[in-house]
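# Observations on chain architecture
Now for the letters of each chain:
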Amino acid sequence: MDNDPKHTSKSHAMWWGTLGTVRPFPNFNSEKDAREIQTALESKASDVNTLVRILTNRNNAQRQSIAESYHNLTQKELCPALKKALSGGLEQLMLGLMMTPSQFDAHRLRQSMEGIGTDEESLLAVLCTKSPQQLKDATIAYKQEFGRYLENDLISETSKDFTKLVLAILKKEELNSKEMVDYQLIDQDVKALNDAVNGKKKDPAPWIQVLTTRDSNHLNRVLSRLEDLRGETVDKTVQSHFSGDLRLGFRTLVGSIPSIPLFLAQRLHSNIKKGSLVQGILISHSEEDLLCVRIEYRKLTNISLYSTLQKEYKGEMQQALLALCRSEDL
């Protein structure tokens, strides 16, 4: 298992790299898989076991090839056929697996804004755990999938300073130099954050600006210095000086900066019975950094994520989630 800290670079190349749990399936043959899927879908009570076994054991690029081969073989689209054969959470999970990573992010963002009221927590959890490039890709996919502009939907679903924060996260750019530690900028940022909460009127603007335009190494140094200066955790500072959705936004952002895998492990631990949330994290991170999430989950709970999923889920849903999680951490 690759949990060597040297491998934890967040470059885009890691998407298919060593920290994911789902790897390319060896000796892959998309026509063979498409034929097996066709047979499974045409059997009397659809052979769900085969569908789950094949689609959870192929990486995303391979699943796209299977969908193409299925179309060539049957002249039909695979997703509607899966929709017909499956239902509930398992249907949601399998359709999620058939999307490209950016389509899946777009769907999760749309889901968080649909229906009565926005699910700010889910919206923030997606925005705060994606790289600037992934957010750009999701923005393009959102327009293609829904014929709507993500930015406009975020504006209409949020208000005031929270809107400013959400849009700044969506367009986050790491403007500080990554080549060297900029101690002058660290001092400047610590002062700006501290001054913003020291006056009578709290000013969120410097917090939004600093937290969405620096890389995580720089921000870790800034937040650590701010804690030393104030003698309290940044989370406590945020809780004391901001309110409502803005407070939730800053808390999520500050919580995800030190370590996205730890943030996701905590989120899984608190919501392990919420099937759609668990699926969202496992699908979204299965080819990126799910190994790191598993390691953090084990440290956090003393139980492996694999054992937890085994205990909480049953049947084909359990089979699918365990395949994405991939293996036990002893």
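Residues numbered from 1 in each chain as written. Predicted model: local features only at pLDDT ≥ 70, side-chain atom pairs only at ≥ 80, totals over all residues. Heavy atoms only, no water.

### Focus on the confidence of the model for the protein chain
For any part of a model where pLDDT is low, the fine detail of the predicted coordinates should not be relied upon. Here the protein chain averages 91 in pLDDT, and 95% of its residues register 70 or above. Within the model, the stretch residues 1-17 combines pLDDT values under 50 with 31 contacts to residues more than four positions away or in other chains. (pLDDT = per-residue confidence, 0-100. Contact = heavy atoms within 4.5 Å.)

### Here's the deal with the pattern of salt bridges
Two side chains carrying opposite charge are able to pair once their charged atoms lie near each other. Here the structure, examined in full by the defined rule, presents 21 salt bridges. Between Asp 153 and Arg 110 there is a salt bridge whose closest N-O contact spans 3.5 Å. Here Arg 110 lies in helix α6 (residues 101-113) and Asp 153 lies in helix α9 (residues 150-157), a separation of 43 residues in the sequence. For Asp 235, the salt bridge identified is with Arg 251, shortest N-O distance 2.7 Å. One end of the pair, Asp 235, is in helix α14 (residues 234-241); the other, Arg 251, is in helix α15 (residues 244-256), and 16 residues separate them in sequence. Owing to a relative accessible area of 26%, Asp 235 belongs among the partly exposed residues under this scheme. Exposure remark for Arg 251: the relative accessible area of 34% places this residue in the partly exposed category. Several salt bridges converge on common partners, so that one network encompasses Arg 110, Glu 114, Arg 148 and Asp 153. (Salt bridge = Lys/Arg side-chain N within 4 Å of Asp/Glu carboxyl O. Helix = DSSP H or I, 4+ residues; strand = E, 2+ residues; numbered from the N terminus. Buried < 20%, exposed > 50% of the residue type's maximum accessible area, 1.4 Å probe, protein only.)

### Overview of the layout of surface pockets
The computed volume of the second largest pocket comes to approximately 550 Å³. Lining the second largest pocket are 28 residues, and of these Gln 92, Arg 108, Gln 111, Ser 276 and Leu 277 sit closest to its centre. Where the lining of the second largest pocket is concerned, the elements lending two or more residues are α5 (88-98), α6, α7 (120-127), α16 (260-270) and α17 (275-285). Partitioned by chemical class, the residues of the lining of the second largest pocket number 10 nonpolar, 11 polar and 7 charged. (1 Å grid on protein atoms, 1.4 Å probe; cavity = no way out; pocket = protein on both sides within 12 Å on 5 of 7 lines; lining within 4 Å. Points joined across faces, edges and corners; volume = space filled by probe spheres on them. Nonpolar A, V, L, I, M, F, W, Y, C, P; charged D, E, K, R; others polar.)

### Focus: unusual backbone geometry
For residues other than glycine, phi is negative in most cases, and the peptide bonds are mostly trans. In the Ramachandran plot, Asn 302 falls in the positive-phi region, its phi being about 65 degrees despite a non-glycine side chain. Positionally, Asn 302 belongs in the loop between α18 (290-301) and α19 (305-312). Phi is positive for Arg 326, close to 85 degrees, though the residue is something other than glycine. Within the element layout of this structure, Arg 326 appears in the segment after α20 (315-325). A relative accessible area of 30% places Arg 326 in the partly exposed class.

### Some details on the packing of α16 against α17
At a closest axis distance of 9 Å, the pairing of α16 and α17 adopts a crossing angle of 150 degrees. As far as their axial angle goes, α17 and α16 are roughly antiparallel. Where α16 crosses over α17, the handedness of that crossing is left-handed. Residues Leu 264, Arg 267 and Leu 268 of α16 form the contact with α17, whose own contacting residues are Leu 277, Val 278, Ile 281, Leu 282 and His 285. In terms of residue class, the contact of α16 with α17 is built from 6 nonpolar, 1 polar and 1 charged. (Axes fitted to C-alpha atoms, helices over the stretch in contact; angles between N-to-C directions. Parallel < 35°, antiparallel > 145°, perpendicular 65-115°, else oblique. Left-handed = near helix turned anticlockwise from the far one by under 90°.)

### Thoughts on α14
Along α14, the positions that sit buried rather than exposed are Val 234, Thr 237, Val 238 and His 241. The buried residues of α14 occupy an angular sector of 95 degrees when the element is viewed end-on, so they sit on one face. Packing partners of the buried residues in α14 comprise α11 (183-198), α12 (204-211), α13 (216-230) and α15. (Arc of directions from axis to C-beta.)

### What to know about the environment of Asp 47
With respect to the helices and strands, the residue Asp 47 is situated in the loop between α1 (30-42) and α2 (48-56). C-alpha of Asp 47 to C-alpha of Glu 36: the two residues are 11 residues apart in sequence and 9.9 Å apart in space.

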